[in-house]
Amino acid sequence: MKITIALSKGRIFEQTIPLLERLGITCNENPETSRKLILDTNQKDIKLIIVRATDVPTYVEYGAADIGITGKDILDEYMGEGLYQPIDLNIGRCKMMVAAKQDFDYAGAVKKGVRLKVATKYVKTAKEHFAKKGMHIDLIKLYGSMELAPLVGLADVIVDLVSTGKTLKANNLIAVEDICDISSRLIINQASLKLKRELLQPILGQFEKALKA
């Protein structure tokens, strides 16, 4: 019986690999350069699979992976069930924010209840945020280059992840409202937690211990 951990390459991945190494889990080959999507580790009962970030919860929910590491931003958008989220890993930290052009009067628009055009790939998060404010919005789903939308008149504001703010600044945008803090979470398939408890519990304990160190 093996434990499968689902990871995605990118910002979170770069911080996850050192965390796994602190648990004594290392890949048998360089995960950054390997084209393999299934990676064996130095632990014979643990393997890694590399998937798209947005697919990590799906692989875990349906049992193709026992454990996954993904951002809260993705989990907030995910509509599935059967996921247990026991640990905030405190990596990949950033903020979900509303941003606009520097000369856009966002506070005034909110106060007047103006119907805003909002560009984002985080549709559920944006919808819930503006609903709480009692605002009606037109949502425009994009998959990247979010900062372009206000510059070319596609949207009034964007909802996106902001880490350093450098990309916003480079495109003459400013963050106008915080929505929530984002970090990476460890997620577990609920069936695996029952069927593979003896294998999973030590790994979960190691994660918690590594985070306190």
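Residues numbered from 1 in each chain as written. Predicted model: local features only at pLDDT ≥ 70, side-chain atom pairs only at ≥ 80, totals over all residues. Heavy atoms only, no water.

Enquirer: Any chance you could explain the packing of helix α1 (residues 11–22) against helix α9 (residues 197–212) here in plain terms?
Expert: Two packed helices can be described by the angle between their axes and the distance between those axes. The geometry of α1 relative to α9 is characterised by a closest axis approach of 9 Å and an angle of 105° between their N-to-C directions. Classified by the angle between their axes, α1 and α9 sit roughly perpendicular to one another. Facing Leu19, Leu20 and Arg22 of α1, the residues of α9 in contact are Phe207, Ala210 and Leu211. Among the residues forming the contact of α1 with α9, the class breakdown is five nonpolar, no polar and one charged. (Axes fitted to C-alpha atoms, helices over the stretch in contact; angles between N-to-C directions. Helix = DSSP H or I, 4+ residues; strand = E, 2+ residues; numbered from the N terminus. Parallel < 35°, antiparallel > 145°, perpendicular 65-115°, else oblique. Contact = heavy atoms within 4.5 Å. Nonpolar A, V, L, I, M, F, W, Y, C, P; charged D, E, K, R; others polar.)

Enquirer: Mind showing me how you'd approach the state of the cysteines here?
Expert: Disulfides are covalent bonds that link the sulfur atoms of two cysteine residues. Under the definition given, this model contains zero disulfides. Unpaired in terms of disulfides, Cys180 finds its nearest cysteine sulfur in Cys94, a separation of 8.9 Å. (Disulfide = S-S within 2.5 Å.)

Enquirer: Looking at this structure, I do not really get the environment of Asp40. What am I missing?
Expert: Following the sequence through the fold, Asp40 ends up in strand β2 (residues 38–40). Since its relative accessible area comes to 44%, Asp40 is described here as partly exposed. In sequence terms Asp40 and Glu29 are eleven residues apart; their C-alpha atoms lie 8.0 Å from each other. Ignoring anything within four residues of it in the chain, the contact list for Asp40 reads Lys2, Cys27, Asn28 and Lys47. (Buried < 20%, exposed > 50% of the residue type's maximum accessible area, 1.4 Å probe, protein only.)

Enquirer: Teacher, can you tell me more about α1 here?
Expert: Turn by turn, an α-helix covers 3.6 residues, leaving residues three or four places apart pointing in a common direction. Those residues of α1 not exposed but buried are Ile12, Phe13, Thr16, Ile17, Leu19 and Leu20. On its buried face, α1 is in contact with β1 (3–7), β3 (46–50), β4 (67–71), β11 (184–189) and α9.

Enquirer: Would you mind showing me how to read the UniProt feature "domain: ATP phosphoribosyltransferase catalytic" (unreviewed entry) in the chain here?
Expert: Here, the residues flagged by UniProt with the feature "domain: ATP phosphoribosyltransferase catalytic" (unreviewed entry) are residues 52–208. Helix makes up 36% of residues 52–208 and strand 32%. Its end C-alpha atoms lie 25 Å apart. (UniProt positions renumbered as here; feature names shortened; annotations may be inferred.)

Enquirer: I tried to follow a nonpolar patch on the surface on my own but got confused; where do I start?
Expert: Together, Leu148, Leu151, Val152 and Leu154 give the surface a local cluster of nonpolar side chains, amounting to about 340 Å² of exposed area. Within the secondary structure, Val152 is located in the loop between α6 (148–151) and β9 (157–162). Classification of Val152 by relative accessible area gives exposed; the value is 58%. (Patch = residues over 30% accessible without salt bridge, like charges linked within 9 Å, V, L, I, M, F, W, Y side chains within 5 Å. Areas by Shrake-Rupley, 256 points an atom, 1.4 Å probe, with all protein chains shown as cover. Salt bridge = Lys/Arg side-chain N within 4 Å of Asp/Glu carboxyl O.)

Enquirer: I would appreciate a short explanation of the pattern of salt bridges in the present structure.
Expert: Pairs can form between side chains of opposite charge whenever their charged atoms are close. Applying the stated criterion to the full structure yields nine salt bridges. The shortest N-O distance in the salt bridge between Lys196 and Asp66 comes to 3.1 Å. Here Asp66 lies in the loop between α2 (56–61) and β4 and Lys196 lies in the loop between α8 (190–195) and α9, a separation of 130 residues in the sequence. The residues Lys196 and Asp66 share a single accessibility class, namely buried. Between Lys95 and Asp181 there is a salt bridge whose closest N-O contact spans 2.6 Å. Linking Lys95 in strand β6 (residues 94–101) with Asp181 in strand β10 (residues 173–182), this pair joins segments that are 86 residues apart in sequence. Owing to a relative accessible area of 43%, Asp181 belongs among the partly exposed residues under this scheme.

Enquirer: Even after reading the chapter, I still don't get the sheet that holds strand β7 (residues 116–120), so can you show me in this structure?
Expert: Backbone hydrogen bonds are what pair the strands of a sheet, in a parallel or an antiparallel way. Read from one edge of the open sheet, five strands run β8-β7-β9-β6-β10, paired in mixed fashion. Looking at the sheet topology across the chains shown, the edges are occupied by β8 (137–141) and β10. Each strand of the sheet is rotated relative to its neighbour by a mean of 30°, with strand direction disregarded. As judged from the six bridges shared by β6 and β9, these two strands associate in the antiparallel manner. (Pairing = 2+ DSSP bridges.)

Enquirer: What should I look at first to understand the sheet that holds β2 in this one?
Expert: In spatial order, the strands read β2-β3-β1-β4-β11-β5; together these six strands make up an open sheet with mixed pairing. Two strands in the sheet have a free side with no partner beyond their single neighbour: β2 and β5 (83–88). Going from strand to strand, the sheet's axes swing by 30° on average, the running direction of each strand aside. Relative to β3, β2 is paired through three bridges, and the arrangement is antiparallel. Considered in β3, the bridge of Leu39 is made with Leu48. Contacting β1, β3, β4, β5 and β11, α9 crosses the sheet at an angle of about 30° to β5.

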